[in-house]
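A structural walkthrough
For reference, the chains in residue letters:
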Amino acid sequence: MSLSNSASKLQAIRWVRPRLDILDQLLLPHASTYIDISSSADGHRAIATMQTRGAPAIAIVAALSLAAELLGSSHEVEQLDTESAAAAFIEQRLDYLATSRPTAVNLFDAIRKLKAVVRKAVSSGKNVVNAYVSAAEAMLAADVADNENIGRLGAEFILGRSPLGNKLKVLTHCNTGALATAGHGTALGIIRSLNNSMSSLDHVYFTETRPYNQGARLTAYELLVEEIPATLVCDSAVSALLRSDPSIRAIVVGADRVARNGDTANKIGTYQLAITAKFHGRDFIVAAPTTSIDLDLDSGAGIVIEERSQDEVLATEGFSAESVANGTELKRAAVRVAPVGVAAWNPSFDVTPADLITAVVTEKGVFVKVDGAKEFDLLRSLSN
């Protein structure tokens, strides 16, 4: 079976049973290199090192990495001589994959669902490996369809609130497109829908997203490939930009985890964008599949925030300008920015309070707060 993210020009995840290849995002935007993921260990490493990233993509790569392992010819897999043994092996590997990134709820949601599939297969006498692989493939296909719905619904919501007619400007943060999902994207999917199917987009501004520069590296790459008019801005320039250009109607971001009340964990820097959007009277829109909504969490206070190495802040890393310009083998180099001896705090995410969020756009609808409320009731919204 062959599945890919056909909703966009980019293919960050390629699955042709039994082979999984992912676009190595550490080499972007200067090289488009695919790497073979043949085991759950490969998947874990790719997620932990951010060769693949974005909450929806993490879940899909994790699920398919184990599918590739199960369909492979490793000695360990060949020793699984009963369905119960196969089920135990799968659950152990899924628990291992859960340790790759602690914040993205999509990963844990996928693992919970896949375990349920495995247990049902055992109890009903079905082939466990076939059941698992089919379920993982279905997750890939469903993610593309969900993202297309998010794009359409979010674009319609923004247009419906825009006093400027058909052409408008928006701003986004981090990378939330085909590179962060199985295809099309969440926040960037809304932007893609505004530009492609609705022809309503004038311009996109996107942040560099320090310290890992997902915006400057990855969103820039996607926007160039899709030929969407765009401008990169420093993270610290957004407030000045909103003051200078009232035609920027909305800030649209993705989410790694959304609590039941709407508090949203997303890439570090999202919280300050929500504050400046509120101050300047612009919509602040969170785009996420319902798999990113954690109904077991009352609020964002319960969200575990990953802290990464301080070296990502103290130094910056990239490819030498000469190797990029010459088209030769890329040469990676790190440049120390801060003096030796200084410490740095490097949380990967922050939590934006629901009070600052205009709407949460999912594949099932656009959710807003009841008039006068400071929080969402996503449990009720998803039950309707």
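On inspection of all chains with the given rule, the structure shows 21 salt bridges. Arg-101 is the partner of Glu-306 in a salt bridge, and the nearest nitrogen-oxygen pair spans 2.8 Å. One end of the pair, Glu-306, is in the loop between strand S12 (293-294) and helix H11 (311-314); the other, Arg-101, is in the loop between helix H4 (83-97) and helix H5 (105-124), and 205 residues separate them in sequence. No difference in accessibility class separates Glu-306 from Arg-101, as the two residues are buried. Members of the salt-bridge network, linked through shared partners, are Arg-101, Glu-306, Arg-308 and Glu-312.

The next subject is helix H6 (residues 128-160). With 33 residues, H6 ought to run about 48 Å at 1.5 Å a step, and its terminal C-alpha atoms sit 47 Å apart, in line with that. Measuring from the backbone nitrogen of Val-129 back to the side-chain oxygen at the start of H6 gives 3.2 Å, which picks out Asn-127 as the cap.

A word on empty space enclosed by the protein. Per the stated rule, a full pass over the model turns up four cavities of 30 Å³ or more. In this structure, the largest cavity encloses a volume near 200 Å³. Residue lining of the largest cavity: 23 residues in total, with Arg-53, Gly-54, Ala-55, Asn-175 and Asp-256 positioned closest to the centre. At the level of elements, helix H2 (55-71) and strand S10 (264-267) are the ones that each hand at least two residues to the lining of the largest cavity. When residues in the lining of the largest cavity are grouped by element, the largest group, three residues, is from H2. Class assignment of the residues belonging to the lining of the largest cavity gives a composition of eleven nonpolar, eight polar and four charged. Of the voids in this model, the second largest cavity is the one considered here, and its volume is about 70 Å³. Together, 13 residues line the second largest cavity, and Pro-211, Tyr-212, Lys-267, Arg-308 and Ser-348 are the ones closest to its centre.

Right, let's talk about the sheet that holds strand S6 (residues 201-207) for a bit. What the seven strands build is an open sheet, ordered S7-S6-S5-S8-S11-S16-S17; its pairing is mixed. What marks the edges here is a single partner per strand, and that holds for strand S7 (230-233) and strand S17 (365-367). The average undirected angle you get between the axes of adjacent strands in this sheet is 25°. The sheet contact formed by strand S11 (residues 283-287) and strand S16 (residues 359-362) spans three bridges and is parallel. Within the sheet, the bridge partner assigned to Ala-287 lies in S16 and is Val-361. Sheet contacts for H6: strand S5 (168-172), strand S8 (248-253), S11, S16 and S17; angle to S16, the most-contacted strand, approximately 145°. Strands in contact with helix H10 (residues 270-280) are S8 and S11; relative to S11, the strand with the most contacts, it is inclined by about 145°.

Looking now at the sheet that holds S10. Strand order in the open sheet made by the four strands is S12-S9-S10-S15, with mixed pairing throughout. Here the strands that pair on one side only, and so sit at the sheet edges, are S12 and strand S15 (349-352). Relative to S15, S10 runs antiparallel, the two sharing four bridges. What sits directly across from Thr-264, in S15, is Thr-352. Together, S10 and S15 form the strand contacts of H10, whose direction differs from that of S15 by roughly 35°.

On to the confidence of the model for the protein chain. The share of residues in the protein chain with pLDDT of 70 or more is 97%, and the mean pLDDT across the chain is 93. In this model, residues 2-7 is a region of pLDDT below 50 whose contacts with residues beyond four sequence positions or in other chains number 23 contacts.

Looking now at the packing of aromatic side chains. Counted according to the given criterion, the structure contains zero aromatic pairs. We note Lys-267 situated over the ring of Phe-349; from NZ or CZ to the ring centre the distance is 4.5 Å. Directly above the aromatic system of Tyr-212 lies the positively charged group of Arg-308, at a separation of 5.5 Å from the ring centroid.

Basis of the calculations
- Residues numbered from 1 in each chain as written.
- Predicted model: local features only at pLDDT ≥ 70, side-chain atom pairs only at ≥ 80, totals over all residues.
- Heavy atoms only, no water.
- Salt bridge = Lys/Arg side-chain N within 4 Å of Asp/Glu carboxyl O.
- Helix = DSSP H or I, 4+ residues; strand = E, 2+ residues; numbered from the N terminus.
- Buried < 20%, exposed > 50% of the residue type's maximum accessible area, 1.4 Å probe, protein only.
- Expected span 1.5 Å × (residues − 1).
- Polar contact = N/O pair within 3.5 Å; in protein donor to acceptor, adjacent residues only side chain to side chain.
- 1 Å grid on protein atoms, 1.4 Å probe; cavity = no way out; pocket = protein on both sides within 12 Å on 5 of 7 lines; lining within 4 Å.
- Points joined across faces, edges and corners; volume = space filled by probe spheres on them.
- Nonpolar A, V, L, I, M, F, W, Y, C, P; charged D, E, K, R; others polar.
- Pairing = 2+ DSSP bridges.
- Axes fitted to C-alpha atoms, helices over the stretch in contact; angles between N-to-C directions.
- Contact = heavy atoms within 4.5 Å.
- pLDDT = per-residue confidence, 0-100.
- Phe/Tyr/Trp six-rings, centres within 6.5 Å; stacked < 30°, edge-to-face > 60°.
- Lys NZ or Arg CZ within 6 Å of the ring centre and 35° of its normal.

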